[in-house]
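Residues per chain, in single letters:
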Protein chains: 2
Amino acid sequence: MNKIPEVTLQRLPVYLNYLKELDDSDYTVSSRSIATALKLGEVLVRKDLAMTSAIGRPKIGYIRTELISALEEDLGCKVIKNAVLVGCGGLGHALMCYNGFGNYGINIVAGFDNDRSKIGTTINNKPVLDGETIPSNEMTKNSDMAIICVPKEVAQLVCDKLVKAGIKAILNFSPTLLHAPEEVVIRDIDVAASLAVLASL
Amino acid sequence: MNKIPEVTLQRLPVYLNYLKELDDSDYTVSSRSIATALKLGEVLVRKDLAMTSAIGRPKIGYIRTELISALEEDLGCKVIKNAVLVGCGGLGHALMCYNGFGNYGINIVAGFDNDRSKIGTTINNKPVLDGETIPSNEMTKNSDMAIICVPKEVAQLVCDKLVKAGIKAILNFSPTLLHAPEEVVIRDIDVAASLAVLASL
């Protein structure tokens with residue numbers, strides 16, 4: 001759908017956060033100033049920004065507010081996207097309470113869990129629904145994305161249910177490899193592994 | 001310290017998880033079988049494994065248990081590494097309760113927070129200490145790594161304190177760019193941004 005490559009897309013939120021934190025007195029920004037601040041190569045930043053919908057001006061660079069707006073456009077921040085979350089334990093609960101998703105137009109509409117004591121409650125005003133109903137539930141059917149926060153032993157089962165419901169993108173926090181049809185995009189976040197890699201550098 | 005490049009290191013936990021999930025009947029594994037299962041290029045997997053301490057045998061591949069052991073060695077799983085966590089809110093609390101760090105030899109020894117109602121309590125048998133004491137605390141001084149889970153407005157302040165205490169590696173969950181001396185390695189996990197990128201693919 002998006003013509004911007006994934007490696008570039010992954011850097012856009014970094015640029016966006018940086019630009020938002022700048023003072024209003026920074027009316028214009030250049031690839032060079034961004035590269036210096038973020039300790040990235042200037043050529044890399046210039047190429048990345050050239051792939052966005054932002055329009056730079058020779059010798060001036062970018063109007064900061066325009067660049068922010070363009071990056072938000074390219075990251076889909078202005079389009080509301082529904083997501084469901086499966087596994088309302090510690091991490092799932094924390095993510096349902098996190099309000100930073102709204103900056104990217106992402107709306108977590110519901111959580112699913114198999115724990116009877118959680119089903120029927122709400123977390124951050126979002127309902128916790130019965131995990132058994134994932135494939136048929138309107139909340140899933142009205143969502144494009146899902147976040148998996150269940151123990152790894154049941155992650156594939158949950159993934160299958162989500163795919164059945166038509167979910168096309170999954171962010172997986174379970175430290176296991178999930179299998180899904182090719183049209184479903186899965187990305188993994190393994191916090192313990194990330195820390196281990198950091199320790200090995 | 002480690003001669004394996006970071007991009008390769010990041011894939012080692014993926015290989016490790018896959019190998020651990022295999023049946024005992026899989027006595028040997030090959031680069032090809034791993035590549036097929038993980039939907040990665042065979043050349044990539046072969047090159048990655050060649051950089052590890054594992055020893056492959058021509059026409060046979062790797063003894064599975066030996067490869068697991070080698071990957072664990074290269075990821076430092078067999079060396080206990082202490083870490084502190086700062087910001088015991090929803091996400092921080094969830095990470096302190098997560099027991100998956102132990103697989104990588106990582107031991108979260110304490111949490112820090114500024115909330116008086118949390119200081120002096122324990123989470124998953126780990127003490128919650130006063131955030132003001134970060135630079136001087138023995139827990140910080142005996143740790144090499146830290147996890148930052150505080151709101152972005154105070155993340156840099158926390159980072160400065162950790163650096164002052166001698167922390168050399170930081171995993172940052174705050175959606176903001178942290179500045180630290182060059183010898184300190186910082187990696188960021190921005191969950192909302194990851195989901196936004198996933199939605200843009």
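In this report, the structure presented in the accompanying data block is examined. (Residues numbered from 1 in each chain as written. Chains lettered and ligands numbered in written order. Predicted model: local features only at pLDDT ≥ 70, side-chain atom pairs only at ≥ 80, totals over all residues. Heavy atoms only, no water.)

### Examining the side chain of Asn 137 of chain A
Residue and element names in this part refer to chain A.
Alright, step 1. Following the sequence through the fold, Asn 137 ends up in the loop between strand 6 (126-130) and helix 6 (138-141).
Alright, step 2. Residue classification places Asn 137 among the buried residues on the basis of a relative accessible area of 17%.
Alright, step 3. Looking at Asn 137, its side chain comes within polar contact range of the main-chain nitrogen of Met 139, at 2.9 Å. (Helix = DSSP H or I, 4+ residues; strand = E, 2+ residues; numbered from the N terminus. Buried < 20%, exposed > 50% of the residue type's maximum accessible area, 1.4 Å probe, protein only. Polar contact = N/O pair within 3.5 Å; in protein donor to acceptor, adjacent residues only side chain to side chain.)

### Some thoughts on helix 1 (residues 6-21) of chain A
Alright, step 1. If you check helix 1 of chain A, its first and last C-alpha atoms are 24 Å apart, about what 16 residues at 1.5 Å a residue would give, namely 22 Å.
Alright, step 2. For helix 1 of chain A, the set of buried residues is Thr 8, Leu 9, Leu 12, Pro 13, Tyr 15, Leu 16, Asn 17, Tyr 18 and Leu 19 of chain A.
Alright, step 3. On the buried face of helix 1 of chain A, the contacting elements are strand 1 (28-29), helix 2 (31-38), helix 3 (42-51) and helix 4 (64-74) of chain A together with helix 8 (191-200) of chain B. (Expected span 1.5 Å × (residues − 1). Contact = heavy atoms within 4.5 Å.)

### Remarks on the relation of the copies chain B and chain A
Alright, step 1. Once chain B has been moved 0.0 Å along the axis and rotated by 180°, it coincides with chain A to within an RMSD of 0.0 Å. On the angle and the small slide along the axis, the relation comes out as a two-fold axis. The C-alpha atom lying nearest the rotation axis in chain B is that of Leu 91 of chain B; the distance is 3.1 Å.
Alright, step 2. Same-surface contact between copies: 100% of interface residues of chain B are shared with the interface of chain A. (Least-squares fit on C-alpha atoms with pLDDT ≥ 70 in both.)

### Comments concerning the interface of chain B and chain A
Alright, step 1. Contact residues are listed per partner, giving 51 residues for chain B and 51 residues for chain A.
Alright, step 2. The interface formed by chain B and chain A includes zero salt bridges.
Alright, step 3. At the boundary of chain B and chain A, one finds four residue pairs in polar contact (both at pLDDT 80 or more).
Alright, step 4. Sorting the residues of the side of chain B that touches chain A by element identifies helix 1 (6-21), helix 2 (31-38), helix 5 (90-97), strand 7 (145-148), strand 8 (169-172), strand 9 (185-188) and helix 8 of chain B as the ones contributing at least two each.
Alright, step 5. The element best represented in the side of chain B that touches chain A is helix 8 of chain B, accounting for ten residues. (Salt bridge = Lys/Arg side-chain N within 4 Å of Asp/Glu carboxyl O.)

### Here we look at the nonpolar core
Alright, step 1. Counting residues in hydrophobic clusters, the biggest one holds 96 residues, and the most contacted among them are Ile 34 of chain A together with Ile 34 of chain B.
Alright, step 2. For Ile 34 of chain B, the contacting residues outside a window of four places in its chain are Tyr 15, Tyr 18, Leu 19, Val 29, Val 45, Leu 49 and Leu 67 of chain B. (Core = buried A, V, L, I, M, F, W, Y, C linked by side-chain atoms within 4.5 Å.)

### Observations regarding the packing of helix 1 of chain A against helix 3 of chain A
Residue and element names in this part refer to chain A.
Alright, step 1. Two elements in contact, helix 1 and helix 3, have axes whose closest approach is 10 Å; the angle formed by their N-to-C orientations is 100°. In terms of orientation, helix 1 and helix 3 fall into the roughly perpendicular class. Contacts between helix 1 and helix 3 involve Thr 8, Arg 11 and Tyr 15 from the first element and Leu 44, Val 45, Asp 48, Leu 49 and Met 51 from the second.
Alright, step 2. Within the contact of helix 1 with helix 3, the residues separate by chemical class into five nonpolar, one polar and two charged. (Axes fitted to C-alpha atoms, helices over the stretch in contact; angles between N-to-C directions. Parallel < 35°, antiparallel > 145°, perpendicular 65-115°, else oblique. Nonpolar A, V, L, I, M, F, W, Y, C, P; charged D, E, K, R; others polar.)

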